[in-house]
Amino acid sequence: MADSDLGHLRRVLVEIKKAIKQAAFNRHRSDQFESYMATAHGLLAAYLQVHKVCEFKLEVSTFVVGDTPLFEDDQQESNLIYPLWAAGIRLLTFKEGVTALELVRFFLAVVDYRRGEGKDDLVTHLWKQEFQGIEWVVVTDFDLGEEGEQSEVEIEVEKVLTFLQDSLRSDTNDGIGFARVSIADLDVRLEQLEAIRQTVVTQQTVDRADRKSVQQEVIADERDLLRRICNILLEVMKMPSTERELSDLEQALEQLLDGLILEGQFGMVDRLLDQCEMTSRDAALLSANRQMAKTCSDRLFLLMHEGQRVRAIGSALNSGRTKDLDGLKRYLMRLGPTVTLQLLDLLDTLTSVQHRRLVCDVMISVGQQGVPIFARRLPTASSNLAKDLLYIIDKVNPPDKVSLFAPILKHENAVLRMEGLTTIARTKDQRCFEIIEETFRTHEVPQMRAHAARLLAEYPSAMCEPVLLGAVSAEDFEEKPDGEKRALIGAVAKVESNKAQGWVRAIFAEKSGLLRGRKVDDRKLMAISALQAAPGLPALQLLVEVAKDERHHSKEVLEAAAAAALEVKRRMSGPGGVPQA
């Protein structure tokens with residue numbers, strides 16, 4: 001990311017912190033909260049107009065973009081970052097269209113939340129606020145492996161690199177002998193090397209920029225060394241050699257495979273296998289060389305499928321070492337359907353949305369063959385894995401897809417239930433409509449009923465109009481929670497039928513009497529909020545009409561309608577400000 005963008009986002013975070021501090025201090029002036037956030041929102045909106053989304057990774061008390069720490073919140077009270085991190089949130093995303101009020105509500109909810117109070121955790125507490133322009137990724141059931149695994153992995157990498165580098169040096173004409181590998185030679189001591197590395201990387205007199213530069217040079221050298229070793233071994237494979245020498249070379253290739261996996265160079269592994277297969281078919285070579293190349297290819301393919309090497313893929317991805325995503329995809333495709341269960345476990349540990357989606361796309365290639373495995377795992381999966389499984393099953397599109405999704409509506413995770421309902425709604429058939437309608441009518445959680453109402457509005461008006469109009473016309477409508485009522489009004493407003501549009505207009509046609517004025521205005525304000533949350537041309541036209549009708553509406557209603565109309569117009573406009581079709 002460009003330095004100018006990083007500087008821009010740093011200003012956004014600084015201004016958000018100022019605004020929240022001001023809002024927390026002036027709780028009695030809630031009508032001014034949006035003005036406090038105006039500067040931060042303007043900066044963020046300008047960035048989103050170009051980039052569409054803005055993603056921040058969360059460390060303990062720091063917002064990070066890429067590898068660059070942008071903003072550290074070191075305050076114990078009113079901390080904006082640590083409560084999110086402690087709840088498992090590792091990625092915070094702001095989407096185009098996020099409002100200043102949403103920013104205030106989100107961060108005030110974080111500041112105010114006290115763990116242990118109430119029955120909800122922070123993630124559920126935030127989800128119930130119904131943020132349209134803010135999303136987050138929660139990492140659950142994350143395991144870095146057994147104790148000691150990280151240091152063992154680092155040592156193994158050093159063994160591979162040091163041993164192979166030394167073994168491939170020679171001052172003789174013995175082209176095969178210098179590539180000879182002995183397992184016993186891997187018993188090396190790395191204490192001095194580790195001490196030297198720590199002295200260079202962690203020396204207090206070296207600033208962060210210099211340390212980062214040194215680390216990047218070390219990584220580049222290691223990767224270049226692995227590439228050169230790979231090329232040399234492939235050339236040695238084609239030379240005349242004894243049976244012992246070929247056996248040693250086979251072991252060297254196995255060690256190289258581990259080094260490439262741990263360094264995340266999956267594209268090189270794919271090339272290594274291709275070259276082994278080509279060598280095994282090269283008629284110009286001796287049969288012993290061709291047979292050895294085939295043996296190496298088969299052996300490497302087998303080793304790739306072992307559990308510890310599949311798990312090592314996750315370590316490489318989470319470390320950020322893997323840059324060649326096309327090579328990674330080819331590598332995963334080579335693994336095939338036999339490691340589906342291991343890939344599901346791997347998927348559950350990945351922290352990058354981009355990496356998770358790539359693994360999902362690979363698993364989709366398994367097709368109908370993997371659906372039973374995905375379906376069995378779905379009810380017990382962690383929240384992020386369950387979302388991925390919903391995506392995979394939806395893309396595979398088996399004949400019984402809707403039946404497979406139905407159990408997710410009873411999952412203990414509230415966000416996941418909504419995700420499952422959204423996925424079901426993508427299939428616009430009668431069976432899906434019936435499931436959503438049943439959820440809308442019978443579910444005990446208001447947020448689920450509200451979400452079902454919004455999804456019903458996406459079906460043809462002939463199907464959804466009777467259900468939605470029946471709900472808003474029922475005697476118990478006024479007794480429903482405000483969030484559910486807003487969702488119902490917004491859903492009716494999206495239905496393109498005369499009855500539905502007439503019902504919404506009737507709300508604004510109500511007259512304020514001496515005793516009913518506040519109640520009527522509250523209904524109008526709720527309808528305005530619902531129209532703003534469900535933007536569209538009919539909603540925009542109605543809001544403009546209300547904002548201009550000074551004879552029939554109070555000043556509060558007029559101002560709210562005008563502000564909502566501007567927001568809807570902005571959300572409907574493209575980057576150039578031209579309304580989108």
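Read on for an overview of the structure. (Residues numbered from 1 in each chain as written. Predicted model: local features only at pLDDT ≥ 70, side-chain atom pairs only at ≥ 80, totals over all residues. Heavy atoms only, no water.)

Where helix α27 (residues 537-548) contacts helix α28 (residues 555-572), the axes come no closer than 8 Å and their chain directions differ by 150°. Between α27 and α28, the angle falls in the class roughly antiparallel. Every pair of crossing elements has a handedness; the one defined by α27 and α28 is left-handed. Each of Leu537, Leu540, Leu543, Val544, Val546 and Ala547 in α27 lies in contact with α28, whose residues at this interface are Val557, Leu558, Ala561, Ala562, Ala564, Ala565, Val568, Lys569 and Met572. (Axes fitted to C-alpha atoms, helices over the stretch in contact; angles between N-to-C directions. Helix = DSSP H or I, 4+ residues; strand = E, 2+ residues; numbered from the N terminus. Parallel < 35°, antiparallel > 145°, perpendicular 65-115°, else oblique. Left-handed = near helix turned anticlockwise from the far one by under 90°. Contact = heavy atoms within 4.5 Å.)

The next point concerns the nonpolar core. Nonpolar side chains in soluble globular proteins tend to be buried together. If you look at the biggest cluster of nonpolar residues, it comprises 161 residues, and the most contacted ones within it are Trp136 and Leu468. A total of nine residues in this core trace back to one element, the largest contributor, which is helix α5 (residues 100-112). Once you skip the residues sitting within four places of it in the chain, Trp136 turns out to touch Ile89, Leu91, Leu92, Phe106, Val123, Leu126, Trp127 and Phe131. (Core = buried A, V, L, I, M, F, W, Y, C linked by side-chain atoms within 4.5 Å. Buried < 20%, exposed > 50% of the residue type's maximum accessible area, 1.4 Å probe, protein only.)

Let us now look at unusual backbone geometry. Despite not being glycine, Lys52 has its phi angle at roughly 75°, a positive value. With respect to the helices and strands, the residue Lys52 is situated in the loop between α3 (38-51) and β1 (53-58). At Asn397, a residue that is not glycine, the phi angle is positive and equals roughly 60°. On the basis of relative accessibility, which here comes to 46%, the residue Asn397 falls in the partly exposed class.

Turning our attention to the packing of aromatic side chains. Per the stated rule, a full pass over the model turns up twelve aromatic pairs. Taking 6.1 Å as the distance between ring centres and 75° as the angle between the ring planes, the aromatic pair formed by Phe56 and Phe94 counts as edge-to-face. With a gap of 38 residues between them, Phe56 in strand β1 and Phe94 in strand β4 (residues 89-95) connect regions that are remote in the sequence. Judged by its relative accessible area of 1%, Phe56 falls in the buried class. Here the aromatic rings of Phe266 and Tyr331 are separated by 5.0 Å at their centres, their planes lie at 55°, and the arrangement is tilted. Pair noted here: Phe266 is in helix α11 (residues 266-280) and Tyr331 is in helix α14 (residues 325-335), with a separation of 65 residues, a long-range link. An identical accessibility class is assigned to Phe266 and Tyr331; each is buried. Grouping aromatic residues by their ring pairs yields a cluster made of Phe56, Phe63, Phe94, Phe106, Phe107, Phe131 and Trp136. The ring of Tyr391 carries the charged tip of Arg357 above its face, separated from the ring centre by 3.8 Å. If you follow Lys428 out to its NZ or CZ, it ends over the ring of Tyr459, 4.8 Å from the centre. (Phe/Tyr/Trp six-rings, centres within 6.5 Å; stacked < 30°, edge-to-face > 60°. Lys NZ or Arg CZ within 6 Å of the ring centre and 35° of its normal.)

In this section: helix α1 (residues 3-25). When the terminal C-alpha atoms of α1 are compared, their 33 Å separation across 23 residues agrees well with the 33 Å that a helix rising 1.5 Å per residue should span. Taken residue by residue, α1 has Asp5, Leu6, Leu9, Val12, Leu13, Ile16, Lys17, Ala19, Ile20 and Ala23 as its buried positions. In this structure, the buried residues of α1 make contact with α2 (33-36), α3, β1, β2 (62-65), β3 (68-72) and α5. (Expected span 1.5 Å × (residues − 1).)

For helix α12 (residues 287-304), spanning 18 residues, the distance from its first C-alpha to its last is 26 Å, which sits close to the expected 26 Å at 1.5 Å a residue. For α12, every residue scored as buried is listed here: Asn289, Met292, Ala293, Cys296, Ser297, Leu300, Leu303 and Met304. Along the long axis of α12, the arc covered by the buried residues comes to 140°, so they all point the same way. Facing away from the buried side of α12 by over 90 degrees, the exposed positions are Ser287 and Leu302. (Arc of directions from axis to C-beta.)

With that settled, consider the sheet that holds β4. Read from one edge to the other, the open sheet built from five strands follows the order β3-β2-β1-β4-β5, with strand pairing classed as antiparallel. Each edge of the open sheet carries a strand with a single partner, namely β3 and β5 (134-138). Between one strand axis and the next, the sheet turns by 30° as a mean value, whatever way the strands run. In this structure, β1 lies alongside β2, joined through two bridges in antiparallel fashion. Within the sheet, the bridge partner assigned to Leu58 lies in β2 and is Phe63. (Pairing = 2+ DSSP bridges.)

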